[in-house]
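This is what each chain is made of:
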Amino acid sequence: MTTRLDWVGLLRHGQSTGNVAREAAEAAGREVIDIAERDADVPLSELGLRQAQAAGERLAGEPPQLVVASPYRRAVDTARVALDVAAARGVEVPGGLRADERLRDRELGVLDLLTSRGVAERWPDELRRKQRLGKFYYRPPGGESWADVVLRLRSLLADLSAETPGLRVLFVAHEVTVFALRYVLEGVPEPDLLAAAARTDIPNASISVWERGQDGGFRMTAAQDVGHLVDVPLV
């Protein structure tokens, strides 16, 4: 992809109450995840709030010029808390914070709120279709594929590139966005991307960074960095 950005960062949102509920449902072998809110309204957990504060300390030492967040509450709140902490340290982000729906989480359609067991029990045909197509191109009914996420990310990157050449932009978004950025910025082929996804954990509030090299291409210079979370208590 041709882009005039020089530095792209991705801060995954802090732990949400939805993350906690999903882990509990999977561990208990339930079919459905107990989340009352719609996906866009799921808030941060107490741990997630502390993680966002720690991310703010990190941003104060390496501030971007613009922060663009998914409009989902867990991402916007992570961004706001982090920017408030950085501002308290005397560091302002010139472009401030904006939300953009192209950074929203992947929509799961009929599979929303289902655990892996729930999908296998209630939508076995969809599970077989996913296994045949692969997760990059598989689109659940009413939902999105990874390729759909890539398309909207390309659009956002193109708009930002046209707006401000050389911009240092930090996205605050979701797990899938990390892999979409690897595909778009690094040009990682689909098979390699899926292999990387199978072995890669994207922790909450981790930071990944891509920087433009002298050859004009991007390379990942920080992969799911959690150094700023070392002192964050887990309880």
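Now for a look at the structure at hand. (Residues numbered from 1 in each chain as written. Predicted model: local features only at pLDDT ≥ 70, side-chain atom pairs only at ≥ 80, totals over all residues. Heavy atoms only, no water.)

1. Examining the overall build of the protein chain
Helix and strand content of the protein chain: eight helices and six strands. In summary, the protein chain has a C-alpha radius of gyration of 18 Å against a globular reference of 18 Å for 235 residues, a match within 12%. With the principal axes as the frame, the protein chain shows a C-alpha extent of 50 × 40 × 25 Å. Roughly 11200 Å² of accessible area belongs to the protein chain as shown, and the carbon and sulfur atoms make up 48% of that amount. If the 30 positive side-chain charges of the protein chain are averaged to one point and the 35 negative ones to another, these points end up 3 Å apart. (Helix = DSSP H or I, 4+ residues; strand = E, 2+ residues; numbered from the N terminus. Rg over C-alpha atoms; globule rule 2.2 N^0.38 Å. Areas by Shrake-Rupley, 256 points an atom, 1.4 Å probe, with all protein chains shown as cover. Lys, Arg positive; Asp, Glu negative; His and termini not counted. Charge placed at Lys NZ, Arg CZ, Asp CG, Glu CD.)

2. Brief notes about the packing of aromatic side chains
Under the definition given, this model contains three aromatic pairs. Pairing Phe136 with Tyr137 gives two aromatic rings, centres 4.8 Å apart and planes at 80 degrees, and the pair type is edge-to-face. The class of Tyr137 is partly exposed, set by a relative accessible area of 46%. Seen from the ring of Trp7, Arg168 lies directly overhead, with NZ or CZ sitting 4.3 Å from the centre. (Phe/Tyr/Trp six-rings, centres within 6.5 Å; stacked < 30°, edge-to-face > 60°. Buried < 20%, exposed > 50% of the residue type's maximum accessible area, 1.4 Å probe, protein only. Lys NZ or Arg CZ within 6 Å of the ring centre and 35° of its normal.)

3. Comments concerning the pairing of strand E6 (residues 218-225)
Strand direction decides the pairing type here: strand E5 (residues 207-212) and E6, joined by five bridges, are antiparallel. Bridge pairing links Arg212 to Phe218 in E6. Hairpin connection between E5 and E6: a loop of five residues separates the two successive antiparallel strands, and Gly216 in this loop has a positive phi of roughly 90 degrees. (Pairing = 2+ DSSP bridges.)

4. A few points about the side chain of Ser145
Locating Ser145 in the fold gives a position in the loop between helix H5 (124-133) and helix H6 (146-163). Residues in contact with Ser145, not counting those within four places in the same chain, are Arg106, Phe136, Tyr137, Tyr138 and Arg139. (Contact = heavy atoms within 4.5 Å.)

5. A closer look at the nonpolar core
Counting 32 residues, the largest nonpolar core has Leu5, Val8, Leu157, Leu160, Val169, Phe171 and Leu181 as its most contacted members. Contributing elements (two or more residues each) for this core: strand E1 (7-12), strand E2 (66-69), H6, strand E4 (168-173), helix H7 (175-186) and helix H8 (190-199). Per element, the largest residue contribution to this core is eight residues, and it comes from H6. Ignoring anything within four residues of it in the chain, the contact list for Phe171 reads Val8, Gly9, Leu10, Leu11, Val68, Leu103, Leu153, Leu156, Leu157, Leu160 and Leu181. (Core = buried A, V, L, I, M, F, W, Y, C linked by side-chain atoms within 4.5 Å.)

6. What about the sheet that holds E1?
Sheet strands associate in pairs through backbone hydrogen bonding, adopting either a parallel or an antiparallel arrangement. Taking strand neighbours across the sheet as the criterion, the six strands line up as E3-E2-E4-E1-E5-E6 in an open arrangement whose pairing is mixed. Across the chains shown, the open sheet's two edge strands, defined by having one partner strand only, are strand E3 (97-99) and E6. Here the strands of the sheet are splayed against their neighbours by 20 degrees on average, with no regard to which way each runs. The pairing of E2 with E4 spans four bridges and is classified as parallel. Bridging from a neighbouring strand, Val68 pairs with Phe171 of E4. (Axes fitted to C-alpha atoms, helices over the stretch in contact; angles between N-to-C directions.)

7. Quick word on the pattern of salt bridges
Per the stated rule, a full pass over the model turns up 19 salt bridges. A salt bridge links Arg58 to Glu62, with the nearest nitrogen and oxygen atoms 3.7 Å apart. Arg102 is the partner of Asp100 in a salt bridge, and the nearest nitrogen-oxygen pair spans 2.9 Å. There is no split in this pair, since Asp100 and Arg102 are both buried. Here the salt bridges share partners, and the residues they tie into one network are Arg104, Glu107, Glu144 and Arg152. (Salt bridge = Lys/Arg side-chain N within 4 Å of Asp/Glu carboxyl O.)

8. A look at the side chain of Ser70
Its place among the elements puts Ser70 in the loop between E2 and helix H3 (73-88). Separated by 3.1 Å, the side chain of Ser70 and the backbone nitrogen of Tyr72 make a polar contact. At 2.8 Å, the side chain of Ser70 forms a polar contact with the side chain of His174. In this view, Ser70 contacts Ala75, Val76, Asp100, Leu103, Arg104, Asp105, Val172, Ala173 and His174; residues no more than four positions away in its chain are not counted. (Polar contact = N/O pair within 3.5 Å; in protein donor to acceptor, adjacent residues only side chain to side chain.)

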